[in-house]
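These are the residues of each chain, in order.
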Amino acid sequence: MASPYLFENYRRMPIRFTHGRGVRLYDEEGHEYLDFLAGLATSSLGHAHPRLVEAIHEQASRYLHVSNLYEIPKQEEAAEALVKASRRTTKGPVRGLDRVFFCNSGAEANEAVIKLVRRWAFDRHQGDGAPRHEIVVFENGFHGRTLGALAATPTPAYQRGFAPLPAGFVAVPFNDLAALEAAISDRTCAVLVEPIQGEGGVVVGDEDYLRGVQRLCGEHDLLFLLDEVQTGVGRTGEMFAFQGLGLEPDAITLAKGLGGGVPVGAVLAQNDLAQHLVPGTHGTTFGGNPLACSAALTVLSVIESEGLLERVRESGTRLQRGLQSLGEMSGRVLEVRGRGLMWAACLDGSAANLVTACLESRTGSVGLLANAVRPDTVRFLPPLIVSVAEVDEALARLEQELSRLAPGEATPVAAR
Ligand code: PLP
């Protein structure tokens with residue numbers, strides 16, 4: 001039963017988990033679930049990964065917090081690991097990024113990058129008499145719920161009732177280079193884009209398009225910013241999506257999978273950009289806290305030592321093909337979109353009905369956690385550790401439920 005003591009700002013499923021192991025979660029009634037949502041792309045190592053448990057325990061037994069008034073060795077180590085990971089891909093070295101600012105969430109990382117580019121533009125152009133502070137963002141994009149991040153998220157359903165939002169954001173359609181070019185003016189200082197629009201329904205940015213965005217940024221002296229809060233930290237089969245796309249962003253934002261479930265966000269930026277946040281310009285009490293950085297360091301180290309990028313590609317291909325053949329067999333899946341372990345299946349009816357059906361316990365099969373990211377679209381974001389066998393198990397459950405739900409029964413759910 002919902003708590004009378006909590007705000008009612010979430011639509012929660014009536015399930016209470018007691019514990020998890022790997023890709024599986026267990027509830028109070030003893031039901032078992034395959035977690036193909038990973039706490040919204042966050043539990044990157046699954047549940048109760050022994051190395052993450054040990055790292056958190058070890059740090060907690062020393063000290064949890066000291067503040068950024070002091071040097072924090074774990075923060076330095078995590079920053080070094082992130083920078084080094086940004087410069088190395090499965091195909092060889094790339095330019096990557098130089099410096100890290102730690103915070104606590106995706107919205108906060110985007111707030112920080114917005115302040116960073118405004119300060120860059122201010123320092124660079126204040127003498128020109130023409131302020132350049134506008135950031136171009138994209139329709140259907142999502143950058144978080146704080147006021148700045150919300151201003152960069154031009155979806156009326158998210159923004160309604162929260163005016164006035166900070167000014168200085170111009171929205172254009174995604175995957176449309178001409179529209180972006182037309183929106184660039186002498187007030188523009190940056191472009192902020194998700195390589196794959198996750199909350200928007202896993203809408204993949206065309207590779208040529210994203211390279212075109214980067215080219216336009218170069219031509220117009222704009223900063224090229226990637227929101228990798230959902231695509232980063234292994235999710236697409238490279239450590240960061242920009243690496244697989246051959247891009248060279250000026251800054252990226254991260255959160256979600258970075259801490260494996262411990263709240264941590266980050267901005268990674270080139271040296272000449274990072275230097276604009278001088279002491280006193282930005283900060284956070286908790287950001288880069290030793291506990292969060294121990295978790296981030298462990299996640300990065302486990303991705304490497306357990307060969308998880310390879311696993312993401314292998315299990316991801318299995319999930320993609322499985323969803324596609326489910327579509328061919330049932331005729332109920334109209335489109336499959338995604339990359340790595342970030343997939344959406346567009347249905348001929350209500351995604352919420354399928355998600356709810358998959359949760360229910362059935363004899364001989366485990367529950368399956370996924371989410372309805374749009375009224376007709378189910379999203380799958382399993383932990384990076386998911387095996388091909390677990391993908392097959394999830395696909396079998398999906399097939400079972402798709403065959404139970406008659407096409408006519410699927411009434412569209414209201415948009416979020
Ligand atoms: N950016 C992207 C691409 C996201 O997907 C999200 C969350 O879904 C955010 C930012 C906001 O992150 P958080 O919820 O940690 O503030």
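Residues numbered from 1 in each chain as written. Predicted model: local features only at pLDDT ≥ 70, side-chain atom pairs only at ≥ 80, totals over all residues. Heavy atoms only, no water.

S.K.: How do you make sense of the pairing of strand 16 (residues 342–347) when you look at a structure like this?
M.R.: A regular strand places its side chains on the two faces of the sheet in alternate fashion. Most of strand 16 sits inside the fold, with 6 of its 6 residues counted as buried. The side-chain alternation of strand 16 yields two buried faces, one formed by Met342, Ala344 and Cys346 and the other by Trp343, Ala345 and Leu347. With 6 bridges joining them, strand 15 (residues 333–339) and strand 16 adopt antiparallel strand pairing. Residue pairing in the sheet places arginine 339 in a bridge with methionine 342 of strand 16. The turn linking strand 15 back onto strand 16 is made up of 2 residues, and glycine 340 within it adopts a positive phi angle of 55 degrees. (Buried < 20%, exposed > 50% of the residue type's maximum accessible area, 1.4 Å probe, protein only. Helix = DSSP H or I, 4+ residues; strand = E, 2+ residues; numbered from the N terminus. Pairing = 2+ DSSP bridges.)

S.K.: What is the right way to look at the site of the ligand in this model?
M.R.: Contacts to the ligand come from 13 residues, most closely from Gly106, Ala107, Asp227, Gln230 and Lys256. Here glutamine 230 contributes a side-chain N or O atom positioned 2.8 Å from an oxygen atom of the ligand. Contact with the protein chains covers 82% of the free accessible surface of the ligand, which is 390 Å². Looking at the shell around the ligand, the element that brings in the most residues is helix 4 (residues 106–125), giving 3 residues. Of the residues belonging to the shell around the ligand, the class tally is 3 nonpolar, 6 polar and 4 charged. (Near = heavy atom within 4 Å. Polar contact = N/O pair within 3.5 Å; in protein donor to acceptor, adjacent residues only side chain to side chain. Areas by Shrake-Rupley, 256 points an atom, 1.4 Å probe, with all protein chains shown as cover. Nonpolar A, V, L, I, M, F, W, Y, C, P; charged D, E, K, R; others polar.)

S.K.: How should I be thinking about the packing of helix 3 (residues 73–86) against helix 11 (residues 290–305) in this particular structure?
M.R.: For any two helices packed against each other, the geometry comes down to the angle between their axes and how far apart the axes lie. Where helix 3 meets helix 11, the axes come as close as 8 Å, and the angle between the chain directions of the two elements is 30 degrees. Judged by the angle between their axes, helix 3 and helix 11 are roughly parallel. Considering only the axes of helix 3 and helix 11, their crossing is left-handed. Counting all contacts with helix 3, which are made through Lys74, Gln75, Glu77, Ala78, Ala81 and Leu82, the residues of helix 11 involved are Pro290, Cys293, Ser294, Leu297 and Leu300. (Axes fitted to C-alpha atoms, helices over the stretch in contact; angles between N-to-C directions. Parallel < 35°, antiparallel > 145°, perpendicular 65-115°, else oblique. Left-handed = near helix turned anticlockwise from the far one by under 90°. Contact = heavy atoms within 4.5 Å.)

S.K.: Just checking my understanding: could you explain the packing of helix 2 (residues 50–62) against helix 11 for this structure?
M.R.: At a minimum axis distance of 9 Å, the contact between helix 2 and helix 11 shows a crossing angle of 155 degrees. Regarding the angle of helix 2 to helix 11, the classification is roughly antiparallel. Read as a crossing pair, helix 2 and helix 11 show a hand that is right-handed. Facing Arg51, Leu52, Ala55, Ile56 and Gln59 of helix 2, the residues of helix 11 in contact are Pro290, Leu291, Ser294, Ala295, Thr298, Val299, Ser301, Val302 and Ser305. Of the residues contributing to the contact of helix 2 with helix 11, the split by class is 8 nonpolar, 5 polar and 1 charged.

S.K.: Just to check I follow, could you spell out the sheet that holds strand 19 (residues 377–380) for this structure?
M.R.: Across a sheet, strands are paired by hydrogen bonds formed along the backbone, either parallel or antiparallel in direction. Strand order in this open sheet of 4 strands is 15-16-19-18, and the pairing throughout is antiparallel. Because the sheet does not close on itself, it has two edges, and the strands there are strand 15 and strand 18 (371–374). The sheet shows a mean angle of 30 degrees between the axes of neighbouring strands, direction not considered. Judged from the 3 bridges that link them, strand 18 and strand 19 form a sheet pairing that is antiparallel.

S.K.: Please explain the confidence of the model for the protein chain as it appears in this structure.
M.R.: With 97% of its residues at a pLDDT of 70 or more, the protein chain has an overall mean of 95. Segment residues 410–416: pLDDT under 50, and 15 contacts once partners within four positions in sequence are set aside and those in other chains are kept. (pLDDT = per-residue confidence, 0-100.)

S.K.: I'm lost on unusual backbone geometry in this one. Help?
M.R.: Outside of glycine, negative phi angles account for most residues, and trans bonds account for most peptide bonds. Across the junction of alanine 163 and proline 164, the peptide omega takes the value -5 degrees, indicating a cis bond. You can see proline 164 is positioned in the loop between helix 6 (156–159) and strand 8 (169–172).

S.K.: Help me understand the environment of valine 366 in this model?
M.R.: Mapped onto the elements of the fold, valine 366 is located in the loop between helix 13 (351–359) and strand 17 (367–369). A sequence separation of 335 residues divides valine 366 from histidine 31, and the C-alpha atoms of the two residues are 7.4 Å apart. Excluding residues within four positions of it along the chain, valine 366 makes contact with Arg24, Glu32, Leu34, Glu393 and Arg397.

S.K.: Got a minute to help me understand the state of the cysteines in this structure?
M.R.: What we call a disulfide is simply a covalent bond connecting the sulfur atoms of a pair of cysteines. Following the criterion strictly, the structure yields 0 disulfides and no others. Cysteine 189 supplies the cysteine sulfur nearest to cysteine 217, a cysteine that is in no disulfide, at a spacing of 10 Å. Looking at cysteine 358, it has no disulfide partner, and the nearest cysteine sulfur is the one in cysteine 346, 16 Å off. The exposure class assigned to cysteine 358 is buried, which follows from its relative accessible area of 4%. (Disulfide = S-S within 2.5 Å.)

S.K.: In this structure, what is going on with the packing of aromatic side chains? I would like to understand it.
M.R.: We describe a pair of aromatic rings using the distance from one ring centre to the other and the angle between the two ring planes. Under the defined criterion, the tally for this structure stands at 5 aromatic pairs. Arranged with centres 6.0 Å apart and planes meeting at 70 degrees, the rings of phenylalanine 138 and phenylalanine 174 form a pair that is edge-to-face. Pair noted here: phenylalanine 138 is in strand 7 (residues 134–138) and phenylalanine 174 is in the loop between strand 8 and helix 7 (177–183), with a separation of 36 residues, a long-range link. In this pair, the class of phenylalanine 138 matches that of phenylalanine 174, namely buried. Considering the side-chain rings of phenylalanine 142 and tyrosine 158, the 5.1 Å spacing of their centres and the 65 degrees angle between planes classify their relative orientation as edge-to-face. (Phe/Tyr/Trp six-rings, centres within 6.5 Å; stacked < 30°, edge-to-face > 60°.)

S.K.: I keep staring at the pairing of strand 19 and nothing clicks. Help me out?
M.R.: Alternating positions in strand 19 separate into two faces, Thr377 and Arg379 on one and Val378 and Phe380 on the other, with burial throughout. As defined by bridge partners, strand 16 adjoins strand 19 across 4 bridges and the pair is classed as antiparallel. Looking across to strand 19, one finds that alanine 344 is bridged to arginine 379. Between strand 18 and the antiparallel strand that follows it, strand 19, lie 2 residues.

S.K.: How should I be thinking about a nonpolar patch on the surface in this particular structure?
M.R.: On the surface, Tyr63, Val66, Leu69 and Tyr70 cluster together into a nonpolar patch covering about 420 Å² of accessible area. Accessibility expressed as a relative area gives 30% for valine 66, which makes it partly exposed. (Patch = residues over 30% accessible without salt bridge, like charges linked within 9 Å, V, L, I, M, F, W, Y side chains within 5 Å. Salt bridge = Lys/Arg side-chain N within 4 Å of Asp/Glu carboxyl O.)

S.K.: Please clarify how the layout of surface pockets should be interpreted in this entry.
M.R.: Any empty space left between the atoms is revealed when a probe the size of a water molecule rolls over them. By volume, the second largest pocket is sized at about 860 Å³. In terms of lining residues, the second largest pocket is bounded by 30 residues, among which Gln75, Val100, Phe101, Phe102 and Leu277 are the most central. Elements represented by at least two residues in the lining of the second largest pocket include exactly helix 3, strand 6 (99–103), helix 4 and strand 14 (265–269). Here the residues of the lining of the second largest pocket sort into 15 nonpolar, 11 polar and 4 charged. (1 Å grid on protein atoms, 1.4 Å probe; cavity = no way out; pocket = protein on both sides within 12 Å on 5 of 7 lines; lining within 4 Å. Points joined across faces, edges and corners; volume = space filled by probe spheres on them.)

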